[in-house]
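Commentary on secondary and tertiary structure
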Amino acid sequence: MSRVYNFSAGPSMLPEEVLKIAAAEMLDYHGCGQSVMEMSHRSKVFDDIIKSAEASLRELMRIPDNYKVLFLQGGASTQFAAIPLNFMNGSGKADYVVTGQWAKKAAAEAKKYGEVNIVASSADKTFSYIPKLDKAAFTPDADYFYICMNNTIYGTVYHELPGTGKVPLIADISSCFLSEPLDVSKFGMLYGGAQKNVAPAGLTICIIREDLLGHARDITPTMLDYKTHADADSLYNTPPCYTIYICKLVLDWLKENGGLEAMRERNVKKAKLLYDYLDNSKLFRGTVVPEDRSLMNVPFVTDSDELNAKFVKEAAEAGLVNLKGHRTVGGMRASIYNAMPYEGVQALVDFMAKFEKENA
Ligand SMILES: *Cc1c(COP(=O)(O)O)cnc(C)c1O
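What counts, and where the lines are drawn
- Residues numbered from 1 in each chain as written.
- Predicted model: local features only at pLDDT ≥ 70, side-chain atom pairs only at ≥ 80, totals over all residues.
- Heavy atoms only, no water.
- Helix = DSSP H or I, 4+ residues; strand = E, 2+ residues; numbered from the N terminus.
- Rg over C-alpha atoms; globule rule 2.2 N^0.38 Å.
- Contact = heavy atoms within 4.5 Å.
- Areas by Shrake-Rupley, 256 points an atom, 1.4 Å probe, with all protein chains shown as cover.
- Lys, Arg positive; Asp, Glu negative; His and termini not counted.
- Charge placed at Lys NZ, Arg CZ, Asp CG, Glu CD.
- Buried < 20%, exposed > 50% of the residue type's maximum accessible area, 1.4 Å probe, protein only.
- Pairing = 2+ DSSP bridges.
- Right-handed = clockwise from strand over helix to strand, strands pointing away.
- 1 Å grid on protein atoms, 1.4 Å probe; cavity = no way out; pocket = protein on both sides within 12 Å on 5 of 7 lines; lining within 4 Å.
- Points joined across faces, edges and corners; volume = space filled by probe spheres on them.
- Nonpolar A, V, L, I, M, F, W, Y, C, P; charged D, E, K, R; others polar.
- Near = heavy atom within 4 Å.
- Polar contact = N/O pair within 3.5 Å; in protein donor to acceptor, adjacent residues only side chain to side chain.
- Expected span 1.5 Å × (residues − 1).

What about the overall build of the protein chain?
Looking only at helices and strands, the protein chain features 9 helices and 14 strands. Relative to the compact-globule value of 21 Å for 360 residues, the protein chain shows a C-alpha radius of gyration of 21 Å, a close match. At a minimum sequence separation of 6, the contacts of the protein chain that also span at least 24 residues come to 69%. Taken as a whole, the protein chain presents about 15800 Å² of accessible surface, with 51% of it coming from carbon and sulfur. Taking the average location of the 39 positive side-chain charges in the protein chain and that of its 44 negative ones, the two points are 3 Å from each other.

Digging into the pairing of strand β9 (residues 189-193)
Looking along a regular strand, one sees side chains alternate from face to face of the sheet. In terms of burial, β9 is a largely internal element, 5 of the 5 residues being buried. What you see with β9 is no split at all: Met189, Tyr191 and Gly193 on one side and Leu190 and Gly192 on the other are buried throughout. One ladder, built from 3 bridges, connects strand β8 (residues 169-172) with β9; its direction is parallel. Looking at the pairing, aspartate 172 lines up with tyrosine 191 of β9. Inspection of the sheet shows β9 paired to strand β10 (residues 204-209) by 5 bridges, in the antiparallel sense. Residue pairing for β10: tyrosine 191 is matched across the bridge by cysteine 206.

Quick notes on the pairing of strand β3 (residues 93-98)
Buried residues dominate β3, accounting for 5 of its 6 residues. Bridge analysis of β3 against strand β4 (residues 115-121) gives 6 bridges, and the strand direction is parallel. Among the inter-strand pairings, aspartate 95 is bridged to a residue of β4, identified as asparagine 117. At this point the chain moves from β3, through helix α4 (residues 101-110), to the parallel β4, and the crossover so formed is right-handed.

Topic: the layout of surface pockets
Empty space among the atoms becomes visible once a probe the size of a water molecule is rolled across them. One number sums up the size of the largest pocket: a volume of about 300 Å³. Forming the walls of the largest pocket are 15 residues, and the residues nearest its centre are Ile130, Pro131, Lys132, Tyr158 and Glu160. Residues of the lining of the largest pocket, tallied by class, amount to 8 nonpolar, 2 polar and 5 charged.

Thoughts on the site of the ligand
Around the ligand, the neighbouring residues are Gly75, Ala76, Ser77, Trp102, Cys148, Asn150, Thr152, Asp172, Ser174, Gln195 and Lys196. One nitrogen or oxygen atom from the side chain of aspartate 172 is found 2.6 Å from a nitrogen atom belonging to the ligand. A distance of 2.5 Å is found between an oxygen atom of the ligand and a side-chain nitrogen or oxygen belonging to lysine 196. Among the elements that line the shell around the ligand, the one with the most residues is helix α3 (residues 75-87), at 3 residues. Broken down by class, the residue content of the shell around the ligand amounts to 3 nonpolar, 6 polar and 2 charged.

Quick look at α3
An α-helical turn contains 3.6 residues, so any two residues separated by three or four positions project in the same direction. With 13 residues, α3 extends 18 Å from end C-alpha to end C-alpha; this agrees with the ideal 18 Å at 1.5 Å per step. Burial within α3 is extensive, with 10 of its 13 residues counted as buried. Within α3, the full set of buried residues consists of Ala76, Gln79, Phe80, Ala81, Ala82, Ile83, Pro84, Leu85, Asn86 and Phe87.

All we've got here are geometric facts, nothing functional implied.
Printed below as a string of structure tokens:
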């Protein structure tokens, strides 16, 4: 068996230890004679799995007691509508910062339900930076303030959160979930699709401050009302059982490997290796301003589309796959989530150095 280093933005690599446990438990989970894929979501065995996943997530992220954790379906994209339906219920206004495609889509969806104020945008330079925020542009009576914390496509991240005072801050953390410690108490809601850094596709995790629940608009579909799922401990309908099980294993893996502080240390070391190489290369360069660089997604280019394509092809032949950048940036993107080992980034940098020498 030969496994590649997968730099995909998502779905993406999972820890090999987790895949091995899942393989060993595939036919008979803990002596119950069935696979987790087959069991009832109302069974005691599954109840233990989802409760363990929630407890581990609470422990790892130090989630305060006045927050609900929801395991949902529909992807991050479904939350783009659920968020205004649930929370745009006071002034009917919300502030959005547009730092890429995902924030832009979220803002466009919210516009269907109320008044959206675009506080700032970095569209002028292909979203290669996080815009400076002017508090004078904030809406004082906004129902919430929305950001996309880590911009998967463009490789930027907020190193400092906007100070929104009493206005609840909502953040899409799909591509930086569990990559480093985060102070949950600063947010009204955090959410993300699990397929980037937490589990396979099919699971969306929402962490919501309790006092924000229960005010959804009357027209809100039952399934999009967060209170429906909060009241039913994420078992209102059939949840993505197998994905929640893998999520539990990934959370166990994170705990065994030192939690989020240790993960940050690992991720900083990995990202530094790649950024240092890019900053010293004569062929490749990163596309993001240094102060806003993401630890998770690293877009880079050469000045030639031909060389970019050649690089992506030859890298794949060398077992470094899914390095093609998003079509709006071009070039390459290396997504180096928690499960990417240091050796994978080292292999990429070694390959880049070899490529640079051959194509100088
Ligand atoms: C991938 C991604 C999304 C879209 O997620 P889906 O689960 O496919 O809907 C939204 N936001 C961010 C930041 C992402 O990286």
